[in-house]
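# Survey of secondary and tertiary structure
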Amino acid sequence: MRFCGLELAHPIVNGSGTFDAIAARRAFGDALLEAFPFSAFVSKTITLAPRDGNPPPRLWETPAGMINSIGLPNPGLAGYLEHDLPQLAQLPVPLITNVMGPTADEVGRLVEAIGERDEIAAIELNVSCPNVSTGLDIGADPESLAALVRAVRPLTAKPLIVKLTPNTADVAAVAVAAEAEGADAVSLINTLRAMAFEPRRGARARPWLGGGSGGLSGPAIRAVALAQVAAVARRVSVPIVGMGGVASGEHAWELLGAGATLVAVGTQSFRDPAAGARVATELKSLQNTQKPSTRVNMTEAQVEVDTNSVDSS
Ligand SMILES: Cc1cc2nc3c(=O)[nH]c(=O)nc-3n(C[C@H](O)[C@H](O)[C@H](O)COP(=O)(O)O)c2cc1C
């Protein structure tokens, strides 16, 4: 299949920050390369300067998901290019590098530097970053997002994927702005802003996570992802990378039905590092075995085909 000019073996990729390919290579050796679980690899978010991330604790398990407050630890642009890129370039699939910055100038410097590297097939812009002047997430506001994409789009010929935030009133309006300014694709959903409080009793409940709040992911957000992908698919014609709570081929199949072209597996990979490969296999067999079913929105012609097949069996 093709996505933004890239030839991919199947539609399952990883969600940024949820699969450490360098650590996995250390753990599984070349076996990882022989059975790589994704058809493209998306790096964790890279910022211009190195970041240590948030103070611990960084994770909290909810009844149906996980809140993380990792805080985007990363080696910075120079560290990524020097240390991570040579290792990620050995993966047997196209590499997509995810970048983020608080200003268009900073994002532009990242996009330009990443754009010069042949080992990198595409760039994903993480826009869940506070705008330094307004304090609002850049990706929460169509105008801020449009200004950012307008500024950085001319700086690279590589495919540009804008990773939308779900923490906005109208995600489709933001997607429309990204497409209008030249994004080649959009990806969604990122984590939903969330909090957890210390389980200990005391005079006053206190936030658990070192960063105060974090982002909810996993099964709890899958229904939100389906609704947001469907809403975006109705308004844009660029391809969509859908994600949020995917743990099976059926979940991926539903996101494709909502309008996604690719599906990313995120939190599930923490439970099972081979989840991506399993989801891809399950999806393929589901797509091959799907039979027409009686759906409320079927056309008369389809109902006739169904009725015929029932009659003749
Ligand atoms: C531990 C963790 C780290 C993440 N790091 C990043 C990141 O660096 N950049 C990014 O754009 N999204 C990041 N995400 C968001 C995921 O890529 C994905 O959008 C989100 O988790 C929803 O998918 P899921 O429910 O399958 O995990 C992270 C998510 C988790 C759980």
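Structure's up top.
Residues numbered from 1 in each chain as written. Predicted model: local features only at pLDDT ≥ 70, side-chain atom pairs only at ≥ 80, totals over all residues. Heavy atoms only, no water.

## With respect to helix H1 (residues 21–28)
Among the residues of H1, Ala21, Ile22 and Ala24 are the ones counted as buried. Taken down its axis, H1 places every buried residue within 160° of arc, on the same side. When the buried face of H1 is taken as reference, the exposed residues oriented beyond 90 degrees from it are Arg26 and Ala27. The elements touched by buried residues of H1 are helix H2 (31–34), strand S4 (41–46) and helix H3 (76–88). After H1 finishes, the residue Gly29 shows a positive phi value of roughly 65°. (Buried < 20%, exposed > 50% of the residue type's maximum accessible area, 1.4 Å probe, protein only. Helix = DSSP H or I, 4+ residues; strand = E, 2+ residues; numbered from the N terminus. Arc of directions from axis to C-beta. Contact = heavy atoms within 4.5 Å.)

## Remarks on the site of the ligand
Close to the ligand lie 24 residues; Ser16, Thr45, Gly218, Gly245 and Thr267 are nearest. The separation between a nitrogen atom of the ligand and a polar side-chain atom of Thr45 is 2.7 Å. For the ligand, whose accessible area on its own is 610 Å², the fraction buried by protein is 95%. Split into classes, the residues belonging to the shell around the ligand amount to seven nonpolar, 16 polar and one charged. (Near = heavy atom within 4 Å. Polar contact = N/O pair within 3.5 Å; in protein donor to acceptor, adjacent residues only side chain to side chain. Areas by Shrake-Rupley, 256 points an atom, 1.4 Å probe, with all protein chains shown as cover. Nonpolar A, V, L, I, M, F, W, Y, C, P; charged D, E, K, R; others polar.)

## Observations concerning empty space enclosed by the protein
Evaluation of the coordinates by the stated rule reveals one cavity of 30 Å³ or more. Size it by volume and the largest cavity reaches roughly 60 Å³. (1 Å grid on protein atoms, 1.4 Å probe; cavity = no way out; pocket = protein on both sides within 12 Å on 5 of 7 lines; lining within 4 Å. Points joined across faces, edges and corners; volume = space filled by probe spheres on them.)

## Some points on the environment of Thr165
Residue position: Thr165 is located in the loop between strand S9 (160–163) and helix H6 (171–180). Its relative accessible area of 1% is what places Thr165 among the buried residues. For the pair Thr165 and Ile138, spaced 27 residues apart in sequence, the C-alpha to C-alpha distance is 9.0 Å. Among the polar contacts listed, one links the side chain of Thr165 to the backbone nitrogen of Asn167, at a separation of 3.0 Å.

## Considerations on the sheet that holds strand S13 (residues 240–243)
Pairing is parallel across the open sheet formed by eight strands, whose spatial order is S3-S14-S13-S10-S9-S8-S7-S4. Edge positions in the open sheet fall to strand S3 (12–14) and S4, since each of these has one partner strand only. Recorded for the sheet is a direction-independent mean angle of 25° between the axes of neighbouring strands. Both strand S8 (residues 122–126) and S9 contribute to a ladder of four bridges, which runs parallel. Looking at S9, one finds that Glu124 is bridged to Ile161. Sheet strands touched by helix H4 (residues 104–115): S4, strand S7 (95–99) and S8. Its angle to S8, the strand with the most contacts, is close to 165°. (Pairing = 2+ DSSP bridges. Axes fitted to C-alpha atoms, helices over the stretch in contact; angles between N-to-C directions.)

## Comments concerning the side chain of Asn98
If you trace the backbone, Asn98 turns up in strand S7. Within the structure, the side chain of Asn98 is placed 2.8 Å from the side chain of Glu124, a separation counted as a polar contact. Aside from chain neighbours lying at most four places away, what touches Asn98 is Ser16, Val42, Ser43, Lys44, Thr45, Ile46, Glu124, Asn126 and Lys163.

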